[in-house]
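If you want the building blocks of each chain, they are given just below.
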Number of protein chains: 2
Amino acid sequence: MPTKITLTEDEVPRQWYNLAADLPSPMNPPLGPDGNPVTPEMLAPVFPMNIIEQEVSQERWIDIPRGILDLLYRWRPSPLHRAKSLEAALGTPAKIYYKNESVSPAGSHKPNTAVAQAWYNKEFGIKKITTETGAGQWGSALSYACALLGLECKVYMVRISFDQKPFRKTMMNAWGGNCVASPSMETHAGREILAKFPNTPGSLGIAISEAVEEAVSDPTGQTRYALGSVLNHVMLHQTIIGLETKKQLKKAGIKKVDTIIGCAGGGSNFAGLAFPFTYDKINGADIEIIPVEPASCPTLTKAPFMYDHGDVAKMTPLLPMHSLGHNFIPAPIHAGGLRYHGMAPLVSHAVEEGLMSPMAINQLECYEAALLFARTEGLIIAPETSHAVAATIRKAKEAKEEGKEKVIVFNLSGHGLMDLYGYEKYMAGELRNNELTQEEINASLDQIKDQPKAFVKKSGRW
Amino acid sequence: MPTKITLTEDEVPRQWYNLAADLPSPMNPPLGPDGNPVTPEMLAPVFPMNIIEQEVSQERWIDIPRGILDLLYRWRPSPLHRAKSLEAALGTPAKIYYKNESVSPAGSHKPNTAVAQAWYNKEFGIKKITTETGAGQWGSALSYACALLGLECKVYMVRISFDQKPFRKTMMNAWGGNCVASPSMETHAGREILAKFPNTPGSLGIAISEAVEEAVSDPTGQTRYALGSVLNHVMLHQTIIGLETKKQLKKAGIKKVDTIIGCAGGGSNFAGLAFPFTYDKINGADIEIIPVEPASCPTLTKAPFMYDHGDVAKMTPLLPMHSLGHNFIPAPIHAGGLRYHGMAPLVSHAVEEGLMSPMAINQLECYEAALLFARTEGLIIAPETSHAVAATIRKAKEAKEEGKEKVIVFNLSGHGLMDLYGYEKYMAGELRNNELTQEEINASLDQIKDQPKAFVKKSGRW
């Protein structure tokens, strides 16, 4: 049996899967500042209408346009690997598989939605796309996609990552993208935050405010904003990961999957792998589905399900999601892509429905897992991805204790070649854990206690 | 017609191709310091005997052991892409294909021979492998291979690259390898050079001396040295590139290839793509085969074919090759992997036979080509690879002028994600060309004019 399971281009799915069609209870709509649901028209200055239609769609299957498939074929289908060397090192009876999304030109799963969004924007006549980026994976991916389609690209990169990973900017520049550190002096939102907190490490919430502001301020109307995670259409575009994986597992002769694992910051790589399996779970399959987050930013495991803004300046609608509060600035961990105060509404909702079992893991355990993975499977993974590997190792050890031959599948969301500074610090013994305390969570949530709460979490943690 | 042509694992070649079997005239043997041919036994302290047997083999086809195939399958077969976006940007009637060797876990073609060499060393009972690395591609690849096979790995990295690319060291460390800057204080050769030239940027020639010295000095006899290029067995292991490419071109319906292009430092990625096509040329096919080197280190285009040492300390045998002289220290260009005073004897010999048409290109043209490639094909390539792209663009423009629908195939030997410093400098306008002058070449060659010259180049340039 080969350790790498591949597909042909003909076997790549032709449709994305939309979990919204199958949730046991309907999702709550995004709300405007007045507490009323936002209409598609209200989002029109931010996103092109073809993407807004996807965002609100309740269709289970949505066709992937031929033009997008042709772009995806540049690196897809991605391989599924059996982690035999890792299994041997752990002495586990579990069968561990990983879907390798690091093979894309930008090095992560992000191009799956970047090329789709850029393509839809171009179809709609847009000339320039603005966005934010945390670790730099998304900004790189969108710069890449815009290069392929001849669009202008402007990226606001969270300051702490901009400083830790200077070559991410070079990468975006190589693809013709324009990258600035956020908060910047280029927007009203950025200037306001810099005036208050000149030394802020920045956050995804701040960077989103700046990117949205630039998009809606273009007097020609030819600029739109793109988000690399969180929203429904982004989750949708990523489901190609899980749909391919299902076909590959079938080829490998796997009849039953026990555990699905992905790291979760905004939620998109996790959703991409997990949603097609969540469909099976809704239809009766016995699968444990685990989003893994950093202990320093425990959105799903410790924050309430509530209505909150996606950004600091409250330019986005109120979204129904797990949130640590839109003012929350996560610790400057190296897994920059997981430093987000909120979580995708679709993932948040599925967790509330009991379809998923979130887990939070500390930084040191994740780096230890990443090194073991490098020295067994040979791939140097992104710090974000290390959370998925750490959870996989926990579950594989559990299977060993139980003596069960479980099938565990995780998403290898990106490689770590642009993130070696964190590895260097870890190997030099200079990193520590940053577990967030309940007091810190309460303090962050207190700051937004007067904001409209049209929906209160069932389990009533807040 | 798809722009990406893939193979199944079953279609991966089961044998390597050995050009030595088909050269019109026999190769000259390596010589010892006394001017007599070295015997396999004399090489035994440096390499394991199973590799030495390959080094001197005259067999045309050599079986790839199953254990090596299983390692290669971790990323092979690699895709062949049609560069349609680049063609469109150039407005050329040429069909451009590139073999994408950047998909390996170490990011280049180097693991093709690294896993083979590590496997043969392990078979022979070796516990530790020493080596040198220029840009870091080879040191990373060997660290990766040693991690997979549980061997110790020690890498001497050329100082200038060590400083320009600090994360290459982290990468090797992540795989468990030990990387030091060369010249180092750890060897006699290193200390001697540092005493004379404390600020030297180092060179591959110096680093080889150090790595060989450490291997042969191990009193337990369980350490051997591995070379990432130049030698016959390295060229052999890389021919899987060209053999796969032939099958892929056939799948794409290509009946005749006009031009084969690869960048050449020590010669291995070039040889890997080119040798299977050189076989066709020897058998009558009309193919132009172009090794491309930097104008700052023009071994094939300007240096004599002679006997010279592979390293500065003269620890290696005298090899029949094009050489700028083993004391030559190339300019600190960013294409560190092309900074070598010599060239593979097999490539050198084939050039002398008229089978190949070398070309030298300046740094700025190469970076310009790399940016065009990133913005059309979407891949950020290594500075070494940019030489192949620059040559490809020259040939594609030539085809446009001639109005001919030529088929050009080049080897995309590695990605540039670890080499963004050079891109940054180029985009900031801080790089310049470093074309080597004839006076500089003569000065370097004069330094070795008393060394044994058992063989004099036919065309008598020296």
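Refer to the structure above for everything that follows.
Conventions used here
Residues numbered from 1 in each chain as written. Chains lettered and ligands numbered in written order. Predicted model: local features only at pLDDT ≥ 70, side-chain atom pairs only at ≥ 80, totals over all residues. Heavy atoms only, no water. Buried < 20%, exposed > 50% of the residue type's maximum accessible area, 1.4 Å probe, protein only. Helix = DSSP H or I, 4+ residues; strand = E, 2+ residues; numbered from the N terminus. Contact = heavy atoms within 4.5 Å. Axes fitted to C-alpha atoms, helices over the stretch in contact; angles between N-to-C directions. Parallel < 35°, antiparallel > 145°, perpendicular 65-115°, else oblique. Left-handed = near helix turned anticlockwise from the far one by under 90°. Nonpolar A, V, L, I, M, F, W, Y, C, P; charged D, E, K, R; others polar. Least-squares fit on C-alpha atoms with pLDDT ≥ 70 in both. Expected span 1.5 Å × (residues − 1). Pairing = 2+ DSSP bridges. Salt bridge = Lys/Arg side-chain N within 4 Å of Asp/Glu carboxyl O. Buried area = accessible area lost by both parts, 1.4 Å probe. Polar contact = N/O pair within 3.5 Å; in protein donor to acceptor, adjacent residues only side chain to side chain.

A. Fine view of helix H8 (residues 166-174) of chain A. Residues of H8 of chain A that are buried: Arg168, Thr170, Met171, Met172, Asn173 and Ala174 of chain A. Close packing links the buried residues of H8 of chain A with strand S6 (128-133), helix H6 (137-149), strand S7 (152-158) and strand S8 (178-182) of chain A together with helix H16 (363-376) and helix H18 (420-427) of chain B. Gly176 of chain A occupies a position one or two residues after H8 of chain A and carries a positive phi of about 90°.

B. Representation of the packing of helix H18 (residues 420-427) of chain A against helix H8 (residues 166-174) of chain B in the model. Running from N to C, H18 of chain A and H8 of chain B point in directions that differ by 60°, and their axes come no closer than 9 Å. In terms of orientation, H18 of chain A and H8 of chain B fall into the oblique class. In the packing of H18 of chain A onto H8 of chain B, the handedness of the crossing is left-handed. Between H18 of chain A and H8 of chain B, the residues in contact are Leu420, Tyr421, Tyr423, Glu424 and Met427 of chain A and Phe167, Lys169, Thr170, Met171, Asn173 and Ala174 of chain B, respectively. Looking at the contact of H18 of chain A with H8 of chain B residue by residue, the classes come out as seven nonpolar, two polar and two charged.

C. Structural view of the relation of the copies chain B and chain A. Taken as rigid bodies, chain B and chain A are interconverted by a rotation of 180° and an axial shift of 0.0 Å, the fit giving an RMSD of 0.0 Å. What the rotation and shift describe, once combined, is the action of a two-fold rotation axis. Interface residue correspondence from chain B to chain A reaches 100%, placing this contact among same-surface, isologous pairings.

D. Focus on H16 of chain B. Taking 1.5 Å of rise per residue, the 14 residues of H16 of chain B would be expected to cover 20 Å, and the 20 Å separating its terminal C-alpha atoms lies within 8% of that figure. Phi turns positive, to about 85°, at Gly378 of chain B, one or two residues after H16 of chain B.

E. Representation of the sheet that holds strand S7 (residues 152-158) of chain B in the model. Residue and element names in this part refer to chain B. Spatially, the four strands line up as an open sheet ordered S8-S7-S6-S9, and their pairing is parallel. In the strand order of this sheet, the two ends are held by strand S8 (178-182) and strand S9 (223-225), each with one partner. Taken over all neighbouring pairs, the strand axes of this sheet differ in orientation by 20° on average, direction set aside. Bridge count between S7 and S8: five bridges; the pairing is parallel. Looking across to S8, one finds that Val155 is bridged to Cys179. Packing of helix H6 (residues 137-149) onto the sheet brings it into contact with strand S6 (128-133) and S7, and relative to S6 it is tilted by some 160°.

F. Molecular detail of the pattern of salt bridges. Counted under the stated rule, the structure contains 48 salt bridges over all chains. Two residues, Arg66 of chain B and Asp70 of chain B, come together in a salt bridge whose shortest N-O distance is 2.8 Å. Within this pair, Arg66 of chain B and its partner Asp70 of chain B are both found in helix H3 (residues 66-72), separated by four residues, close to a single helical turn. Across the pair Glu244 of chain B and Arg76 of chain B runs a salt bridge, and its minimum N-O distance is 2.8 Å. You can see Glu244 of chain B sitting in helix H12 (residues 240-251) and its partner Arg76 of chain B sitting in the loop between H3 and strand S4 (80-82), a full 168 residues away along the chain. Residue class for Glu244 of chain B comes out buried when judged on its relative accessible area of 0%. Connected through salt bridges with shared partners, the residues Lys128, Glu152, Lys154, Glu186 and Glu214 of chain A form a single ionic network.

G. Here's a closer look at the interface of chain B and chain A. Listed by partner, the interface residues are 38 residues for chain B and 38 residues for chain A. Roughly 3100 Å² is buried in total at the junction of chain B and chain A, and carbon and sulfur atoms are behind 59% of that figure. The tally of links from chain B across to chain A stands at four salt bridges. Our count for the chain B to chain A interface comes out at 18 residue pairs in polar contact (both at pLDDT 80 or more). Residue assignment for the side of chain B that touches chain A shows that the elements contributing at least two residues are H6, H8, H16 and H18 of chain B. It is H8 of chain B that contributes the most residues to the side of chain B that touches chain A, six residues altogether.

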